[in-house]
Amino acid sequence: MAKIRIIKKNNDCSMEYEVGDIFETTGTWYGGVHVNGRSGIPVSLDKEEYMELNTEPEPEEADSTGDKNTSETPEHDIQVGDIVQHFKREWVSADTSEYLYKVLAVAHHTENGEKLMIYQALYAPFKICARPYDMFMSEVDREKYPDIKQKYRFVTVHR
């Protein structure tokens, strides 16, 4: 079965799950999935409460010593609620909040199912934006921006 991460909690009274928890699904229903909660009690989750995790094995990369990277934690993990910075923040003063954003949600396009990151600028006019997930998580284009130090387009600065 697929694994999911809780990104929103619709039932504040339930102690069976919290935002950030990861569960293996036990089944599906038209409005979401079923999981066994923290105590083993079956829980039905609505679609907006979780995001599916990629369960395909990642290709292993060798580190600088030639050893395979077998870390359990993804190198580039951005979650709902994280404060992230865009790579262009390198061009502005650290005293400003320019190019800082709060990740609000992971959404799915209603027509084609494409995964989207929803985020809000932490500087005026506090615009809310949507960007395709793959683009949001992508590495900086080194041909276009050869002097940028940041590896990824967005990185977490506060969780």
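Please read all numbers here as calculations on a predicted model, not as lab measurements.

Chemist: Would you mind showing me how to read the overall build of the protein chain here?
Modeler: When you go through the protein chain residue by residue, the secondary structure sums to one helix and ten strands. Reading the helices (α) and strands (β) of the protein chain from amino to carboxyl end gives β-β-β-β-β-β-β-β-β-α-β. The proportion of buried residues among the 159 residues of the protein chain is 33%. Considering only contacts within the protein chain whose residues lie at least 6 apart along the sequence, 38% involve residues at least 24 apart.

Chemist: What am I meant to see in the confidence of the model for the protein chain here?
Modeler: For any part of a model where pLDDT is low, the fine detail of the predicted coordinates should not be relied upon. Taken residue by residue, the protein chain gives an average pLDDT of 84. The fraction at 70 or more is 86%. No element of the protein chain has a lower mean pLDDT than strand E5 (residues 50-52), at 85, and none a higher one than strand E9 (residues 128-132), at 95. Counted against residues more than four places away or in other chains, residues 62-73, with its pLDDT under 50, gives eight contacts.

Chemist: I would appreciate a short explanation of the layout of surface pockets in the present structure.
Modeler: Remark: the empty space left among the atoms is shown by a probe the size of a water molecule rolled over them. Size it by volume and the second largest pocket reaches roughly 320 Å³. In terms of lining, the second largest pocket is formed by Ile-7, Lys-8, Lys-47, Glu-48, Tyr-50, Met-51, Glu-52, Val-80, Leu-104, Ala-105, Val-106 and His-108. Elements with a contribution of two residues or more to the lining of the second largest pocket: E5 and strand E7 (100-108). Top contributing element to the lining of the second largest pocket by residue count: E7, with four residues.

Chemist: Where do I start with unusual backbone geometry in this structure?
Modeler: In terms of backbone geometry, most residues other than glycine have negative phi values and most peptide bonds are trans. Geometrically, the link from Ala-124 to Pro-125 is a cis peptide bond, its omega value of 5° lying close to zero. Among the structural elements, Pro-125 can be located in the loop between strand E8 (115-121) and E9. Phi at Tyr-99 takes a positive value of approximately 65°, unusual for a residue other than glycine. Locating Tyr-99 in the fold gives a position in the loop between strand E6 (83-86) and E7. You will see that Phe-126, though not glycine, has its phi angle at about 60°, which is positive. With respect to the helices and strands, the residue Phe-126 is situated in the loop between E8 and E9. Look at Phe-126 and you get partly exposed, because its relative accessible area is 45%.

Each value, and the rule that gives it
- Residues numbered from 1 in each chain as written.
- Predicted model: local features only at pLDDT ≥ 70, side-chain atom pairs only at ≥ 80, totals over all residues.
- Heavy atoms only, no water.
- Helix = DSSP H or I, 4+ residues; strand = E, 2+ residues; numbered from the N terminus.
- Buried < 20%, exposed > 50% of the residue type's maximum accessible area, 1.4 Å probe, protein only.
- Contact = heavy atoms within 4.5 Å.
- pLDDT = per-residue confidence, 0-100.
- 1 Å grid on protein atoms, 1.4 Å probe; cavity = no way out; pocket = protein on both sides within 12 Å on 5 of 7 lines; lining within 4 Å.
- Points joined across faces, edges and corners; volume = space filled by probe spheres on them.

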